[in-house]
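Examining the three-dimensional arrangement
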Amino acid sequence: MKELYALLKKFFGYTTFRPYQEEIIQTILSKRDALVLMPTGGGKSICFQLPAIYLPGTTLVVSPLIALMKDQVEGLVANGIPAAALNSNMREEDRQQVKQLCVQGKIKLLYVSPEGLMGELNWLFPRMTISLIAIDEAHCVSHWGHDFRPEYTQLAVLKEQFPTVPIVALTATADKITRQDIIDQLKLSDPQVFVSSFDRPNLSLTVRRGLTKKDKNAAILHFIRARKEQCGIVYCTKRDDTTAVADTLKLYGIDAVAYHAGMSPQQRDKAQSDFINDRTQVICATIAFGMGIDKSNVRWVIHYNTPGSIENYYQEIGRAGRDGLASDTLLFYSLADLIIRRRFAEESGQSEVNLEKLNHMQRYCEADICRRRILLSYFSEQREDDCGNCDVCRNPPERFDGTVLIQKALSAIARTNESIGMQMLIDILRASGRAELISRGYHLLKTYGAGRDLSYRMWREYIYQMLQLGYIEIDYASSNVLRITPSGRKVLYGETTARLAVYKEPEQTETTTKRGKKGDFKARPIRPKEASTIEETLFDSLRQLRKQLAEKENTRAYLIFSDAALQDMVDKKPLTLDEFAEIKGVGQIKQERYGKVFIALIRFVLKKE
Ligand code: ADP
Ligand code: ZN
């Protein structure tokens, strides 16, 4: 075991294992099959990379995404580990060269796509010493998962062809059916199953509901401005929205690019590489973006629209904070999204399953208890305490007697014979006087103007709460009008009272009126910025050095050092090479290659020269 710790430090720069990593590695080394379920960012890679270094021969890594392979191989090579990929995107000479190295036993980790694998079964693999097989994104083998890939079903041949080689299958998808399916499909023999906690305490969780497009844009701007130079992803359902949001942000001086499947491959590659290489702060993307993106310093994720399931949501926010540092997530929840999602689900061919998934998502968005508890219980993990890092924990709801308020709204719905949606309901309550309302005669109702004292936003919030409390429901089959439920009727007729949570104006008040100069969004600091503390100045300087090195070496900044490593430098302020070696993420190669320049910069910033 001591030897493994030494390798962990030497090649990865870490001194401790994360939960389960050690047990998983032990299992693999005892030649037993393993199934590993760990959330994105949990640290799956080391579970097979470390045994690969330790064992003689080569570890085969099956991975579905060529982009992911490239990233992992580059990361390994940067740490001094001989690794290579074989895939259909490569030139024939390069393929031949890699194969030769494999036959000579010079490659410790060989990444292959499932198709590539099938092609090499007869020639290449019999000529190599294969000591371990790792199957990444193993849920792709299952029809039940959300990402089925037919090529993955052929992987069963691995066990037949290499019956004595241990197989480790890894995935971030948790549910039980998929789990069993992976074991069956891959023919794993009596595998040890590891389910690590899905908790990602470093991700803050916030849901904001019922915002108009304009309010959403203002909230996003405010959010990003409060996070200067921290990069993040805005997920949108519609392609047009990715471009619209990116354009809005650019208008206000924020570096943003759009990304969606309708763009040309070149445009997409450029957007992706700009984001990965820290050339752009924000990427506004459909969910086409993100699979296989291994950028460890994504500091925040915003959902412009409500996702269709908790699995998807969790996977998408999981792209933030992979380095373990505090990161923020913000989700916009709206009835309009819910209605669209319901339609998607109904038309999906698996409508029962997908509607159930959507219901869970809705419950999460509407929750007034700790959101993390809801998330974890969805993944069958119970937790006893509130997390303290979600909007509900930070700002627990205060309640008041909302009976009269609810009666006003319900009475307006009743007097229109349950034929209106939320917008019209608020307009009646607030006496908006708009043409459609007048033409339908709603200005003559007794409840017209009965809720003038509350703002539009307040009404919207209270109506969401009424839905959540089950006093009204949306009739999806009939133009999405609002209907009063039996328990709503009890409140309406005064048979029972009801409490609501007090509406609080969100802290942000920033509006879209303060425009940055159009030209200045390209400007980038080239010197350490004056920041309020020496730590901030140091962090910023280290980041810039990392970026310059990445540009010089034509690699990605986070492959040089993660944000967590930079943060550790700020905390420990190493001034010698030995001290530098103590930094998290600094292995031998990186100490030799980068130690001196980073120390010089730290000395310079601390004025210790
Ligand atoms: P996953 O594949 O599970 O999404 P990764 O293997 O990419 O996650 O790991 C996520 C991040 O955690 C990486 O930046 C990795 O270097 C870091 N990491 C993994 N294991 C450890 C460890 N034992 N100590 C510190 N950081 C770790
Ligand atoms: Zn909480």
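Refer to the structure presented above.
1. Quick word on the pattern of salt bridges
- Here the structure, examined in full by the defined rule, presents 38 salt bridges.
- Among the salt bridges present, the one from Arg343 reaches Glu347, with a minimum N-O distance of 3.9 Å.
- The residue Glu436 makes a salt bridge to Arg434 at a minimum N-O spacing of 3.1 Å.

2. Comments concerning the coordination of the zinc ion (ligand 2)
- Donor atoms from the polypeptide that bind the zinc ion (ligand 2) are Cys370 (SG), Cys387 (SG), Cys390 (SG) and Cys393 (SG), placed at 2.3 to 2.4 Å.
- For the zinc ion (ligand 2), the four donor atoms are set out with angles of 102 to 121° between them, so the coordination reads as tetrahedral.
- Donor residues for the zinc ion (ligand 2), ordered by position in the chain, follow C-x16-C-x2-C-x2-C.
- The buried category is assigned to Cys387, whose relative accessible area is 18%.

3. Some thoughts on helix H15 (residues 371-378)
- Among the residues of H15, those classed as buried are Arg371, Arg372, Ile374, Leu375 and Leu376.
- Looking at the buried positions of H15, the neighbouring elements they touch are strand S8 (203-209), helix H12 (310-317), helix H14 (351-366) and helix H16 (391-394).

4. Brief notes about the sheet that holds strand S4 (residues 109-112)
- Strand order in the open sheet formed by seven strands is S3-S4-S2-S5-S6-S1-S7, with parallel pairing between adjacent strands. Of all strands in the sheet, those with a lone pairing partner are strand S3 (83-86) and strand S7 (192-195), marking the two edges. Within this sheet the neighbouring strands show an average axis-to-axis angle of 20°, counted without direction.
- Alignment of strand S1 (residues 34-37) against S7, held across four bridges, turns out to be parallel. Paired with Leu37 across the two strands is Val195, which belongs to S7.
- Packing against the sheet, helix H2 (residues 21-29) makes contact with S1, strand S5 (130-135), strand S6 (167-171) and S7, and its axis sits at approximately 165° to S7.
- Where helix H3 (residues 45-54) meets the sheet, it contacts strand S2 (58-62), S4, S5 and S6, and its direction lies at approximately 135° from that of S4.

5. A word on the packing of helix H1 (residues 2-12) against H3
- Running from N to C, H1 and H3 cross one another at 105°; their axes reach a closest spacing of 10 Å. Between H1 and H3, the angle falls in the class roughly perpendicular. Contacts from Glu3, Leu4, Leu7, Leu8, Phe11 and Phe12 of H1 reach H3 at Ile46, Gln49, Leu50, Ile53 and Tyr54.
- Looking at the contact of H1 with H3 residue by residue, the classes come out as nine nonpolar, one polar and one charged.

6. Brief notes about the side chain of Thr447
- Locating Thr447 in the fold gives a position in the loop between helix H19 (435-439) and helix H20 (456-468).
- Assessed through its relative accessible area of 6%, Thr447 is described here as buried.
- Excluding anything up to four places from it in sequence, Thr447 contacts Lys408, Ser411, Ala412, Arg415, Ile428 and Leu429.

7. Some words on the nonpolar core
- Residues Ile283, Phe289, Tyr364, Leu410 and Leu425 are the most contacted members of the largest nonpolar core, which totals 76 residues.
- Split by domain, the residues of this core number at least three in each of domain 2 (203-394) and domain 3 (399-501).
- Those residues in contact with Tyr364 that sit more than four places away from it in its chain are Leu205, Val207, Ile310, Tyr313, Leu331, Arg371, Ile374 and Leu375.

8. Points about the sheet that holds strand S11 (residues 282-285)
- The strand order across the open sheet built from six strands is S8-S13-S12-S9-S11-S10, with neighbouring strands paired in parallel fashion. At either margin of the open sheet sits one strand with a lone partner, and together these are S8 and strand S10 (256-259). On average, adjacent strands in this sheet sit at an angle of 15° to one another, irrespective of strand direction.
- Each of S8, strand S9 (232-235), S11, strand S12 (300-303) and strand S13 (327-333) touches helix H9 (residues 213-225); the most contacted strand, S13, lies at about 175° to it.
- Relative to S13, H14 is tilted by about 110°, and along the sheet it contacts S8 and S13.

9. Some points on the side chain of Ser562
- Within the fold, Ser562 resides in the loop between helix H23 (557-560) and helix H24 (563-572).
- Accessibility expressed as a relative area gives 19% for Ser562, which makes it buried.
- Apart from residues no more than four positions distant in its own chain, Ser562 is found in contact with Ser296, Asp323 and Arg546.

10. As for unusual backbone geometry
- Despite not being glycine, Asn417 shows a phi value in the positive range, around 55°.
- Looking at the secondary structure, you find Asn417 in the loop between helix H17 (403-415) and helix H18 (422-429).
- Relative accessible area serves as the criterion here: at 65%, Asn417 is assigned to the exposed category.
- Backbone geometry at Asn554 places phi at a positive 55°, although glycine is not the residue there.
- Along the chain, the position of Asn554 falls in the loop between helix H22 (534-553) and H23.
- Relative accessible area serves as the criterion here: at 71%, Asn554 is assigned to the exposed category.

11. Some thoughts on the environment of Pro114
- Secondary-structure assignment places Pro114 in helix H6 (residues 114-120).
- With a relative accessible area of 1%, Pro114 lands in the buried category.

12. A short note on the site of ligand 1
- Neighbouring ligand 1 are 15 residues, the closest being Tyr14, Thr16, Gly41, Lys44 and Ser45.
- Measuring from a nitrogen atom of ligand 1, one finds a side-chain N or O atom of Gln21 at 3.0 Å.
- A distance of 3.3 Å is found between an oxygen atom of ligand 1 and a side-chain nitrogen or oxygen belonging to Arg322.
- Starting from 570 Å² of accessible surface for ligand 1 in isolation, the protein chains cover 83%.
- Along the lines of polarity and charge, the residues of the shell around ligand 1 split into four nonpolar, seven polar and four charged.

13. A short note on the packing of H2 against H3
- H3 packs onto H2 with a crossing angle of 45° between their chain directions and a minimal axis gap of 9 Å. Our classification of the angle between H2 and H3 gives oblique. Judged by the twist between their axes, the crossing of H2 over H3 is right-handed. In this structure, H2 contributes Gln21, Ile24, Ile25, Ile28 and Leu29 to the contact, and H3 contributes Ile46, Cys47, Leu50, Pro51 and Tyr54.

Calculation notes
- Residues numbered from 1 in each chain as written.
- Chains lettered and ligands numbered in written order.
- Predicted model: local features only at pLDDT ≥ 70, side-chain atom pairs only at ≥ 80, totals over all residues.
- Heavy atoms only, no water.
- Salt bridge = Lys/Arg side-chain N within 4 Å of Asp/Glu carboxyl O.
- Donors = N, O, S within 2.8 Å, 3.2 Å for Na, K, Ca; no water.
- Tetrahedral: all angles 85-135°; square planar, octahedral: opposite > 155°, others 65-115°.
- Buried < 20%, exposed > 50% of the residue type's maximum accessible area, 1.4 Å probe, protein only.
- Helix = DSSP H or I, 4+ residues; strand = E, 2+ residues; numbered from the N terminus.
- Contact = heavy atoms within 4.5 Å.
- Pairing = 2+ DSSP bridges.
- Axes fitted to C-alpha atoms, helices over the stretch in contact; angles between N-to-C directions.
- Parallel < 35°, antiparallel > 145°, perpendicular 65-115°, else oblique.
- Nonpolar A, V, L, I, M, F, W, Y, C, P; charged D, E, K, R; others polar.
- Core = buried A, V, L, I, M, F, W, Y, C linked by side-chain atoms within 4.5 Å.
- Domains from an automatic or database assignment.
- Near = heavy atom within 4 Å.
- Polar contact = N/O pair within 3.5 Å; in protein donor to acceptor, adjacent residues only side chain to side chain.
- Areas by Shrake-Rupley, 256 points an atom, 1.4 Å probe, with all protein chains shown as cover.
- Left-handed = near helix turned anticlockwise from the far one by under 90°.

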